[in-house]
Amino acid sequence: MMRNLIILLLVFSCFTALTQTKPIGEAKRILILLDGSGSMADPWNGTNKWEVAKKMVVKTIDSIQKADPEVQIGLRVFGHQQPRAAHDCKDSKLEVAITKNAGLLVKNVLNRVTPQGYTPIAYSLFLAAGDFISIEGTNSIILITDGIENCEGDPCASSQALRDKKITLKPFVIGLGLTERDKKNFDCIGNFYDAGDEKSFSNAMSIAISQALNITTTQINLLDAFGLPVEKNIEITLYDHLTGEVRYNYVHTPDIKNQPDTLFLNPIGLYDIVVHSTPIVKMNEVELTPGKHNIIGIDVPLGTFYVAEGSGTIFSEKQCVVRNNTTGEIIYVQNFNTKQKYVAGTYDIDILTIPRLRYENYEIKGGIENKIDVPLPGTLSLTSTESKIYSIFVVKQNKLEKIYEGSLSGTTTMISLLPGDYKIYSRSNIKKYAANTKDISITIKSSKTSIIKI
Amino acid sequence: MNKLQTYLCRTLLVIFILLVGNKLTAQTAQATRVLFVLDASRSMLQTWERESKMSAARAVVNGIADSLNNMANVQMAVRVYGHQSPQPLNDCEDSKLEIAFRNKNAAAIKTRIENIRPQGVTPIAYSIEQTLTDFGDDAKNYRNILILVSDGFESCGLNPCEVVQRLKNMGVVTKSYVIGLGIDATQYSEFSCMGEFINIENEKGTELVVNSTIAKLFNSVFIRVDLLDENSKPEETDMLMTFYDADTKMPKFNYYHTINPKGNPDTLTLDPSLTYDMQVHTTPEIIKKDVSLNAGKFNIITQPSPQGFLTVEVRGEAFKGKINCIIKKDKNIVTAQVSDVSQKLLIGLYNIEVLTIPVITVDNVLVEQDKTTTIEIAAPGYVSFNKNEPIAGGIYEYRDNKLVEIYELGEVNLKETLAIQPGKYKVIYRYISKKDMDATKEIDFEVISGTSLMVRL
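None of the values given here were measured: they were computed from a predicted structure.

Participant: Teacher, can you tell me more about the overall build of chain A here?
Facilitator: From N to C terminus, chain A includes 7 helices and 29 strands. Within the span of chain A, comprising 454 residues, buried residues form 39% of the whole. Considering only contacts within chain A whose residues lie at least 6 apart along the sequence, 71% involve residues at least 24 apart.

Participant: Looking at this model, I keep getting lost on the overall build of chain B. Mind explaining?
Facilitator: Of regular secondary structure, chain B possesses 7 helices and 29 strands. Looking at the 457 residues of chain B, the share that counts as buried comes to 41%.

Participant: Looking at this structure, how should I read the interface of chain A and chain B?
Facilitator: How big an interface is tends to be reported as the loss of accessible area on association of its parts. Listed per partner, the contact involves 44 residues of chain A and 48 residues of chain B. Within the residue set of the side of chain A that touches chain B, elements represented by two or more residues are helix H7 (198–213), strand S10 (235–240), strand S11 (246–251), strand S17 (319–324), strand S18 (330–335), strand S24 (387–396), strand S25 (399–409) and strand S27 (420–428) of chain A. Per-element tally for the side of chain A that touches chain B: the top contributor is S11(A), with 4 residues. Of the residues contributing to the side of chain A that touches chain B, the split by class is 17 nonpolar, 16 polar and 11 charged.

Participant: For this particular structure, what's the right way to read the pairing of S24(A)?
Facilitator: Two faces, one strand: in a regular strand the side chains alternate between the faces of the sheet. Residues and elements named next belong to chain A. Note: S24 against S25, 10 bridges, orientation antiparallel. Counterpart to Val394 in the pairing with S25 is Glu401. Hairpin connection between S24 and S25: a loop of 2 residues separates the two successive antiparallel strands, and Gln397 in this loop has a positive phi of roughly 45°.

Participant: Would you mind going over the confidence of the model for chain B with me for this structure?
Facilitator: Reading fine detail from the predicted coordinates is not recommended where pLDDT is low. Residue and element names in this part refer to chain B. Scored by pLDDT, chain B comes out at a mean of 87, with 92% of its residues at no less than 70. For residues 1–28, every residue scores under 50 in pLDDT, and the model assigns this stretch 29 contacts once sequence neighbours within four places are set aside. ipTM for the predicted complex: 0.72, alongside a pTM of 0.66.

Participant: For this particular structure, what's the right way to read the packing of helix H4 (residues 121–131) of chain A against helix H5 (residues 155–164) of chain A?
Facilitator: The description of two packed helices rests on the angle between their axes and on the distance between the axes. All names here are of chain A. At a closest axis distance of 8 Å, the pairing of H4 and H5 adopts a crossing angle of 10°. Here H4 lies roughly parallel to H5, going by the angle between them. Touching Ile121, Ala122, Leu125, Phe126 and Ala129 of H4 are Pro155, Ala157, Ser158, Ala161 and Leu162, all from H5. A class-by-class count of the residues in the contact of H4 with H5 yields 9 nonpolar, 1 polar and no charged.

Participant: Please explain H4(A) as it appears in this structure.
Facilitator: Every α-helix winds through 3.6 residues per turn, so residues three or four apart in the chain are directed the same way. H4(A) sits mainly inside the fold: 9 of its 11 residues count as buried. What H4(A) keeps buried is the set Ile121(A), Ala122(A), Tyr123(A), Ser124(A), Leu125(A), Phe126(A), Ala128(A), Ala129(A) and Asp131(A).

Participant: Quick question: what am I supposed to make of the sheet that holds strand S22 (residues 372–377) of chain B here?
Facilitator: Picture the strands of a sheet paired through backbone hydrogen bonds; they go either parallel or antiparallel. Residues and elements named next belong to chain B. The strand order across the open sheet formed by 3 strands is S19-S16-S22, and the pairing between neighbours is mixed. Both edges of this open sheet fall to strand S19 (343–346) and S22, since each of them pairs with a single strand only. On average, each strand axis in the sheet is tilted by 30° relative to the strand beside it, whichever way the strands run.

Participant: When you look at the confidence of the model for chain A in this model, what are you seeing that I'm missing?
Facilitator: All names here are of chain A. Across chain A, the average pLDDT comes to 83, with 84% of residues at 70 or higher. When mean pLDDT is taken per element in chain A, strand S20 (residues 345–351) scores highest with 97 and helix H1 (residues 2–21) scores lowest with 35. In the model, residues 1–24 has pLDDT below 50 throughout and makes 0 contacts with residues more than four positions away in sequence or in other chains.

Participant: Looking at this model, I keep getting lost on the nonpolar core. Mind explaining?
Facilitator: Side chains that are nonpolar tend, in soluble globular proteins, to be buried together. Among the nonpolar cores identified, the biggest contains 83 residues, and Leu38(B), Val61(B) and Ile179(B) are the most heavily contacted of them. In terms of residues, this core owes the most to one element, helix H2 (residues 53–68) of chain B, which gives 8 residues. If we ignore the near neighbours within four places in the chain, the residues touching Ile179(B) are Val60(B), Ile147(B), Leu148(B), Val149(B), Ile198(B), Ile200(B) and Val209(B). Of all hydrophobic cores here, the second largest spans 68 residues; its members include Tyr248(A), Val307(A), Val343(A) and Ile323(B).

Participant: Explanation requested: unusual backbone geometry in the structure shown.
Facilitator: Leave glycine aside and you will find that most residues have negative phi; peptide bonds, for their part, are mostly trans. A cis amide bond links Ile354(A) with the next residue in sequence, Pro355(A), at an omega value of -5°. In this structure, Pro355(A) sits in the loop between S20 and strand S21 (357–364). Each neighbour pair has its own omega, and for Thr283(B) with Pro284(B) the value is -10°, a cis peptide bond. In this model, Asn398(A) sits at a positive phi of 70°, which is unusual for a non-glycine residue. Overall, the presence of 13 C-beta atoms within 10 Å leaves Asn398(A) in the partly exposed class. A positive phi angle, near 65°, is found at Asp340(B), a position not held by glycine. Looking at where Asp340(B) falls in the secondary structure, it is placed in the loop between strand S18 (332–338) and S19.

Participant: Explain the packing of helix H2 (residues 49–67) of chain A against helix H3 (residues 103–112) of chain A here, please?
Facilitator: Residue and element names in this part refer to chain A. Contact geometry for H2 and H3: axes closest at 10 Å, N-to-C directions at 175°. Judged on the interaxial angle alone, H3 and H2 are roughly antiparallel. In contact with Lys54, Val57, Val58, Ile61 and Gln65 of H2, H3 contributes Gly103, Val106, Lys107 and Leu110. Looking at the contact of H2 with H3 residue by residue, the classes come out as 5 nonpolar, 2 polar and 2 charged.

Participant: Hey, could you run me through the environment of Gly171(B) in this one?
Facilitator: Residue and element names in this part refer to chain B. Mapped onto the elements, Gly171 comes out in the loop between helix H5 (160–169) and strand S7 (175–181). Residues Gly171 and Asn141 lie 30 residues apart in sequence; the distance between their C-alpha atoms is 9.9 Å. In this structure Gly171 touches Lys140 and Met250, once residues within four positions along its chain are discounted.

Participant: It is not clear to me how the sheet that holds S18(B) should be interpreted in this structure. Could you clarify?
Facilitator: All names here are of chain B. If you walk across this open sheet you meet the 4 strands as S18-S17-S20-S21, and the pairing is antiparallel. With partners counted over all chains shown, the strands left at the sheet margins are S18 and strand S21 (360–367), one partner each. This sheet shows a mean twist of 25° between the axes of neighbouring strands, independent of strand direction. With 4 bridges connecting them, strand S17 (residues 324–329) and strand S20 (residues 348–354) associate as antiparallel partners. Its bridge partner being in S20, Cys325 is matched across the sheet by Val354.

Participant: Explain H2(A) to me, please; I cannot follow it from the model alone.
Facilitator: Residues and elements named next belong to chain A. Given a rise of 1.5 Å per residue, 19 residues ought to cover 27 Å, and the 27 Å separating the end C-alpha atoms of H2 matches this to within 8%. Every buried residue of H2 is accounted for by Lys49, Trp50, Val52, Ala53, Met56, Val57, Thr60, Ile61 and Ile64. Along the axis of H2, the buried residues cluster in a sector spanning 165°; they form a single face. Counted as exposed and oriented over 90 degrees from the buried face of H2: Asp62 and Lys66.

Participant: Help me understand the environment of Val109(A) in this model?
Facilitator: Residue and element names in this part refer to chain A. Mapped onto the elements of the fold, Val109 is located in helix H3. When the C-alpha atoms of Val109 and Val96 are compared, they prove to be 8.0 Å apart, with 13 residues separating the residues in sequence. Residues contacting Val109, with those up to four places away along its chain left out, are Leu75, Glu95 and Val96.

Scoring rules and cut-offs
- Residues numbered from 1 in each chain as written.
- Chains lettered and ligands numbered in written order.
- Predicted model: local features only at pLDDT ≥ 70, side-chain atom pairs only at ≥ 80, totals over all residues.
- Helix = DSSP H or I, 4+ residues; strand = E, 2+ residues; numbered from the N terminus.
- Buried ≥ 20, exposed ≤ 12 C-beta atoms within 10 Å, placed from the backbone.
- Contact = placed C-beta atoms within 7 Å.
- Nonpolar A, V, L, I, M, F, W, Y, C, P; charged D, E, K, R; others polar.
- Pairing = 2+ DSSP bridges.
- pLDDT = per-residue confidence, 0-100.
- Axes fitted to C-alpha atoms, helices over the stretch in contact; angles between N-to-C directions.
- Parallel < 35°, antiparallel > 145°, perpendicular 65-115°, else oblique.
- Core = buried A, V, L, I, M, F, W, Y, C linked by C-beta atoms within 7 Å.
- Expected span 1.5 Å × (residues − 1).
- Arc of directions from axis to C-beta.

Structure (structure tokens):
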């Protein structure tokens with residue numbers, strides 16, 4: 001008996017010590033605003049939206065309380081009290097007032113709610129603003145809905161009330177339910193997270209929570225050829241180093257002050273960061289310092305590259321292949337006249353014209369546009385009155401290189417060739433003797449058709 | 001007795017060839033010019049067995065000149081060095097074109113060289129340099145043969161090998177022979193670099209040299225190329241073959257390999273004076289180096305070139321587009337073709353890259369003798385990306401649990417339609433106008449072969 005008491009005391013003192021080391025934080029309040037309308041009962045990914053939402057809310061609360069037990073949590077549900085037939089656009093209730101240690105209460109409520117009614121999102125947001133008792137500290141609403149507002153409310157009208165209370169709203173949509181019009185309606189209150197599946201839902205949610213709790217901030221600087229953090233609009237994936245799972249996907253951007261945007265990443269665990277430049281740039285085992293502003297610099301010096309085809313009347317959709325110049329692996333397949341950014345470096349480039357062009361160890365320089373000019377092809381119109389086989393060659397330093405071969409039987413073939421000099425060898429299939437090998441030298445000019453009879 | 005036999009055999013052979021030998025085909029019908037460059041340096045006065053080396057040299061030149069005198073389309077000329085200034089003067093420019101190119105001038109040549117008195121030094125490089133003028137501006141219209149007859153090496157400090165090679169590379173000299181008079185075996189390499197080297201050991205040797213040289217110069221040689229399949233049967237055919245002069249690397253003859261109406265590989269005629277690098281234009285090409293021909297025989301060249309076919313086929317009738325495919329042997333590109341076209345290839349393993357979105361790579365594709373290996377790929381689906389406003393982003397797929405970008409969406413075009421292979425993908429994007437990384441969105445979509453899909457961004 002006595003021993004148990006001691007252990008209990010020890011636990012208490014530990015807890016006190018822990019809470020004391022934390023900075024005396026401002027109050028953090030999160031209201032979960034949950035859609036309990038009939039459409040939430042619709043099947044989704046093998047279960048239904050309501051079940052997924054419920055699971056998500058429970059998981060969210062658990063992770064919030066784990067991260068910071070001081071956070072106050074509340075739950076408001078709408079559309080759950082009246083059946084659809086009642087058309088009740090004021091069906092919205094604060095089921096659990098915003099308070100500490102609300103986890104169990106919330107779970108109990110969720111277990112007895114059945115989704116059934118209408119979707120008065122705007123109205124609920126308006127009421128939710130009043131659920132917060134103070135404007136001190138940070139106030140956030142996490143809205144989870146399938147997004148189909150059917151009470152003709154205007155969420156923008158509620159946004160003023162939210163702003164007055166300094167409440168940030170993180171709306172989540174289950175499924176891909178939002179119409180373009182709905183999205184526009186919500187644009188005035190915040191960015192929507194379209195959650196295509198449970199996993200991306202969960203990812204997005206943890207970002208939102210990190211933000212709400214304001215634990216740790218991270219800034220990823222993508223450095224250009226001059227070491228300046230100005231590269232942007234590149235996708236970045238942050239993997240959990242241990243599990244290998246995707247934790248976050250972002251498209252990098254500078255914020256409105258033109259600084260790399262601040263992220264609220266979960267500081268627990270190690271990250272493997274992949275910058276989806278072409279080719280990718282990796283930074284493994286990145287550790288964040290909790291409670292601090294972390295700056296991660298990654299060298300991604302980009303240069304633009306394109307194959308410019310001479311202008312003219314012929315429109316061609318030809319491709320070039322950019323390869324790793326050591327392994328020969330394809331890094332990217334690029335169409336002519338389209339620009340693509342690459343990490344500065346040397347590449348092997350194959351241009352799929354006839355004849356093929358190869359640039360080995362081509363240097364794409366950072367910070368500039370790198371261009372290979374390719375002239376417009378001309379057309380070789382090849383005819384023969386009898387059945388023949390033929391091959392077309394370029395002669396490079398006296399060596400014949402075959403670039404095309406085929407056969408004709410009293411027909412015409414059109415071949416698109418780069419301008420230049422070629423040799424065509426042919427042999428009749430009728431008078432089948434090696435001595436009947438014939439050759440003809442031709443010159444192809446851009447945009448012109450050369451009619452050759454063999 | 002033995003030597004006599006050899007001599008008789010060779011002579012008979014030459015006659016045989018002259019009798020049966022067709023004229024070279026159209027590809028070799030150009031006129032021939034033979035330029036003798038004759039050593040008349042002081043050392044040529046040395047007595048060799050019964051007569052001087054000069055006499056042996058005369059015998060060689062006279063013999064060849066006599067043999068060629070009645071041939072149409074042959075012109076001869078003679079340049080002599082070392083005959084104008086005595087040796088102590090060390091005249092390194094003592095070289096003169098004594099007889100200019102003309103038809104049927106053997107008599108003039110014989111008379112002139114009969115009166116040459118050897119006395120000076122040995123400016124071989126200088127003399128060969130001068131032949132550039134002798135052959136003249138229209139050198140390329142002729143088949144130009146240089147025959148150097150000498151008993152010693154360059155004595156003026158220049159490099160004659162370099163000069164000969166330069167003239168060959170310029171296309172001025174087609175073929176060069178070096179006929180040495182009693183050259184010591186240790187010096188062979190200094191002569192062989194100037195051309196095909198024939199050393200005359202003694203006076204009796206001259207006649208053999210004359211005959212074998214002529215045989216090589218003025219008879220076409222008959223050859224048959226057997227392109228073997230995997231079972232060593234000569235059944236591969238219909239590829240162009242290029243025969244390069246192995247010395248200058250200039251292309252000399254091109255023939256389509258042909259199985260003639262009798263069902264045999266057709267006979268080809270080549271210039272027997274050359275050694276060839278044979279290039280068979282299979283895919284990839286085959287090069288057989290240093291093919292030397294026996295002027296007096298029917299030559300059969302065998303070359304394994306077993307082939308099969310490869311096709312990259314897009315499944316489904318609906319797909320009409322052409323997809324670029326790259327065929328590689330190890331890391332090297334062998335050829336590029338489009339889908340649904342059969343490509344003939346040497347048998348063996350290839351790595352294929354099909355330039356769909358995403359790129360499909362198929363390694364170690366086996367092409368077998370006479371068979372068609374087909375790589376089937378699914379028809380793509382068409383995905384239209386309709387954007388509300390300009391975005392930054394790309395299309396991704398999971399590979400080994402890693403997100404891999406397979407296509408970068410354009411920032412400006414509000415509508416992009418792409419042919420994408422069936423599968424599950426994810427778009428990661430952000431409106432460019434939103435300066436907030438949390439505005440990053442993800443949309444998953446699945447492409448089904450042959451169908452259309454719209455993705456709203």
